[in-house]
Amino acid sequence: MGVSVVIATYNRLLPLAELLESLSKQTYKPTQVIIVNDGGSSVQAAVDAYPELSIELIELRENVGHVEARNIGVRAATEDFIMLCDDDDLLLPCHMERMIANMNDADFVYSDVEIFHYRTENGMRIPTDRFLFAYEYDLQAMRTFSTYVPSGSMYRRTIHDVIGYFDSYVHNYWDWDFFLRVANEYRVKRVPIASVLYAFSNEGDHLSKQMNETRQMYLNRLSEKHGLGDLPTKNFWLLLSEPDVQKRQAKSEVIWDGEPFRSRLAHLVRR
């Protein structure tokens, strides 16, 4: 069964190379890797560094935004299954094998993740701390707080033929929107293994008033679209501490040894 990996990227060459490094180590190999460069600086060096991956690079002249860039990528996918990846996240070697094995009784699968913070040293991201993000799949609860991380999720390409593509109208919440739309029509399955490493930024904790207002606008659009009620924007870590979220915490198979991923471009960075 073939898998098209879709990656939207913008000015993150070294993290992208680390993602490609993690794809090169998969025990179940992707048959197509689509990279959509969303009007950013060249990523050709990362593509050239991994000739064993069947990479299709789509260069956009102008920045269209991460949602539409993903849409361009999934429209170019030719395999039966699509796997989404953010350009700065990482997949542990068994990830694709575990996902494809769970597609037998599902249309859409996603794993748990380990969130990590890092420092950059000699062209590599060195993890400084890690946090397990694992929650039971509960569709009703997903209508108040999303525990879906799109990186590493896999689904049947034909889903787009029925429900359409990612919605840029909700922008920041495109993934939550897509999950709810899929779950209303298809079999969704959480795979209890933390085989995705999610690079987390603290930017959301320091948003300006204007940015918070913009995020609230998109959240209001999402809520109106799905009838979710009043969903105010909150600090991510404060949300995780709320009782209704904590009671959804689940056990997961944690397999990461904590070691960083050294890409083939790391040596190009001056020490």
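The rules behind the values
- Residues numbered from 1 in each chain as written.
- Predicted model: local features only at pLDDT ≥ 70, side-chain atom pairs only at ≥ 80, totals over all residues.
- Heavy atoms only, no water.
- Helix = DSSP H or I, 4+ residues; strand = E, 2+ residues; numbered from the N terminus.
- Rg over C-alpha atoms; globule rule 2.2 N^0.38 Å.
- Buried < 20%, exposed > 50% of the residue type's maximum accessible area, 1.4 Å probe, protein only.
- Contact = heavy atoms within 4.5 Å.
- Areas by Shrake-Rupley, 256 points an atom, 1.4 Å probe, with all protein chains shown as cover.
- Core = buried A, V, L, I, M, F, W, Y, C linked by side-chain atoms within 4.5 Å.

1. Quick word on the overall build of the protein chain
If you tally the helices and strands in the protein chain, you get nine helices and 10 strands. Its C-alpha atoms give the protein chain a radius of gyration of 18 Å, within 12% of the compact-globule value 18 Å for 271 residues. A principal-axis box enclosing the C-alpha atoms of the protein chain has dimensions of 50 × 40 × 40 Å. The 271 residues of the protein chain split such that 52% are buried. Residue pairs at least 24 apart in sequence account for 77% of intrachain contacts in the protein chain once pairs closer than 6 positions are excluded. Of the accessible surface of the protein chain, which amounts to about 12,600 Å², a share of 48% is contributed by carbon and sulfur atoms.

2. A closer look at the nonpolar core
Residues V5, I7, L20, L23, I35, M83 and M154 are the most contacted members of the largest nonpolar core, which totals 43 residues. With five residues, the single largest contributor to this core is helix α1 (residues 13-24). In this structure L23 touches V5, I7, P30, V33, L53, M83, L91 and M96, once residues within four positions along its chain are discounted.

3. What about unusual backbone geometry?
Not every positive phi belongs to a glycine, and N122 is a case in point at roughly 50 degrees. By secondary structure assignment, the location of N122 is in the loop between β6 (108-121) and β7 (124-133). Here the phi dihedral of H171 falls at roughly 45 degrees; this positive angle occurs in a residue that is not glycine. Relative to the helices and strands, H171 resides in the loop between α5 (159-163) and α6 (174-183).

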